[in-house]
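The residues making up each chain are set out below.
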Amino acid sequence: MNLYTINHSFHYELENLTRAFLPNDKITVKASEIIPEDLEKPYILSEIDEKITVTLCADDFKKSLKAEKGEDNELIMATLLYELMSEYTGITLSWGLLTGVRPIKLLRKLSEENGSDNARAYFKEKLLVSDEKLMLAEKICKKEGSILRLSREDSFSLYISIPFCPSRCSYCSFVSQSVEKAKHLIKPYVELLCSELKETAKIACSLGLRLETVYMGGGTPTTLEAEHLDRILSTVKENFDLSHLREFTIEAGRPDTITEEKLAAILRNGCDRLSVNPQTLNPDVLLGIGRRHTVEDFYDSFSLARKMGFKHINTDLIAGLPGDSPESFKNTIDGILRLSPESVTVHTLSMKRSSYLTGDRVKLLRDDSNAVEKMLRYAYNGLDKNGFEPYYLYRQSKMVGNMENTGWSKPGFEGLYNVYIMDETHSIFACGAGAVTKLKDPNCNNIERIFNFKYPYEYIDRFKELLERKEAIFSFYEALKS
């Protein structure tokens, strides 16, 4: 899709909104002061002159809409584009014009500034958010409030990156390497990660900061052997002040990496929240996405974790995986609910499928959007009836139907780190390859970032330089005092 912007600079929001309707189309932005003589089809022509005009020309569809200029021309233009794209595709986006990652944070900000009634009206009338999603957002906003109040000005969380997996899933966009290709890097990586953790602990201690949550993710942390897990976790236990720690999460992730020895190492070092992620309980779908474990492997791993004493087990699921259907996804939800985990995260697939490159791409998009909507509705209803409450939500680019990822938990089992990272509540000190330290000014929304090297081999080769970067943490907190 070619996006022509004439006499305005609102391309970012228009591009994101177009992508929400056509997640697999390449969008090319072409800015100009005048309308080009030859417009390359398919195209969206957006212009501000005497009026605001948006034209959509794709396949056999061509239509223009006009509106008077106003106080928020970007919102007016986005509304016109939304109406055209909805008519062309036959899709009505449940989140309306919203394309950002953090809709709950926006709702909370508007509520604090203008009151909850005005915030609700703005979401519904201006942003065209559906009643269903607005109700979900308000529930989560209320739930998050009690969690956010636990954080203090001197609070921080710790993220530990383990960028290794037993194999790479077809839908994955994270930086991780299969253990088969990177096995020789694991030992030196673990050694240096422990060194980084020790240095990070010294920084936190010297600044008098209070550790609230720890999250070890990746990748798949349980790809590591039990001795390596024990080494990393004991380093955390021995070097950080854990007296105020509220939550310690480890993403076991892939059931085929879980053993009794690894779970024992995790337990004895104080982890109280384990995530075991089947993504689906449909064996054909598992095979199609490159997961090497079976449905039985997941059940066995979950049972083992429960037997060994884990009191908080989370499971991650994905709606919209290739080959899945509302009927088979229903079986997945029913199977998970029978296990009664303490929390469940329901993701929507972020689209990468090539099927939309065919001539029927709009029809396929509409069919998939409707199917995923049915999946999410069944999941949410089932979770609600079984005593779960939604507690955090975020969104990604190219999600089917422009939907969302939502965390659900039984009361008292909310994933605190998930809320803090999405709300950007306090600083996150991050260790390991691909990790990003986020330094939050408690007095405003300012966030400064310190990037670790992305790949394990870079992390190992340039470790000294990485530690030097962390000196910026001191500068950040010194500036807060002045």
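It should be emphasised that the depicted structure is a prediction, and the values quoted were computed from it without experimental measurement.

*Asks:* Tell me about the packing of aromatic side chains, and please be specific about residues and values.
*Replies:* Applying the stated rule across the entire model yields 17 aromatic pairs. Centroid distance tyrosine 189 to tyrosine 459: 5.0 Å. Interplanar angle 45 degrees. Geometry classified as tilted. Note that tyrosine 189 is positioned in helix α6 (residues 179–207) and tyrosine 459 in helix α14 (residues 456–461), a separation of 270 residues in sequence. What makes tyrosine 189 buried here is its relative accessible area of 0%.

*Asks:* How would you sum up the pattern of salt bridges? Please name residues and give values.
*Replies:* Applying the stated criterion across every chain yields a total of 31 salt bridges. Taking the shortest distance from any N to any O, the salt bridge between arginine 254 and aspartate 256 comes out at 3.7 Å. A relative accessible area of 2% means that arginine 254 is categorised as buried. Ionic pairing is found between lysine 330 and aspartate 334, a salt bridge with its closest N-O pair at 3.3 Å. Residue lysine 330 and its partner aspartate 334 are both found in helix α11 (residues 326–339); the two are separated by four residues, about one turn of the helix. Under the relative-accessibility criterion, lysine 330 is labelled partly exposed at 34%. One salt-bridge network, in which partners are shared between bridges, spans Arg102, Lys105, Glu424 and Arg449.

*Asks:* Any details on the nonpolar core? Residues and values, ideally.
*Replies:* Grouped together as the largest cluster of nonpolar side chains are 119 residues, with contacts concentrated most on Leu158, Ile160, Ile232 and Phe429. Those residues in contact with isoleucine 160, other than ones at most four positions away along the chain, are Leu193, Leu197, Val214, Tyr215, Met216, Gly217, Ile232, Val236 and Cys431. Counting 16 residues, the second largest nonpolar core, distinct from the first, contains Tyr391, Tyr417, Ile421 and Ala435.

*Asks:* Summarise the packing of helix α3 (residues 103–114) against helix α4 (residues 116–126); cite the residues concerned and give the values.
*Replies:* The geometry of α3 relative to α4 is characterised by a closest axis approach of 7 Å and an angle of 135 degrees between their N-to-C directions. Here α3 is positioned oblique relative to α4, judged by the angle of their axes. For the pair α3 and α4, the crossing hand works out as right-handed. Every residue of α4 that contacts α3 at Pro103, Leu106, Leu107, Leu110, Ser111 and Asn114 is listed here: Ser116, Asn118, Ala119, Tyr122 and Phe123. Taken together, the residues of the contact of α3 with α4 break down into seven nonpolar, four polar and no charged.

Quick notes on the rules
Residues numbered from 1 in each chain as written. Predicted model: local features only at pLDDT ≥ 70, side-chain atom pairs only at ≥ 80, totals over all residues. Heavy atoms only, no water. Phe/Tyr/Trp six-rings, centres within 6.5 Å; stacked < 30°, edge-to-face > 60°. Helix = DSSP H or I, 4+ residues; strand = E, 2+ residues; numbered from the N terminus. Buried < 20%, exposed > 50% of the residue type's maximum accessible area, 1.4 Å probe, protein only. Salt bridge = Lys/Arg side-chain N within 4 Å of Asp/Glu carboxyl O. Core = buried A, V, L, I, M, F, W, Y, C linked by side-chain atoms within 4.5 Å. Contact = heavy atoms within 4.5 Å. Axes fitted to C-alpha atoms, helices over the stretch in contact; angles between N-to-C directions. Parallel < 35°, antiparallel > 145°, perpendicular 65-115°, else oblique. Left-handed = near helix turned anticlockwise from the far one by under 90°. Nonpolar A, V, L, I, M, F, W, Y, C, P; charged D, E, K, R; others polar.

Keep in mind these values describe shape, not function.
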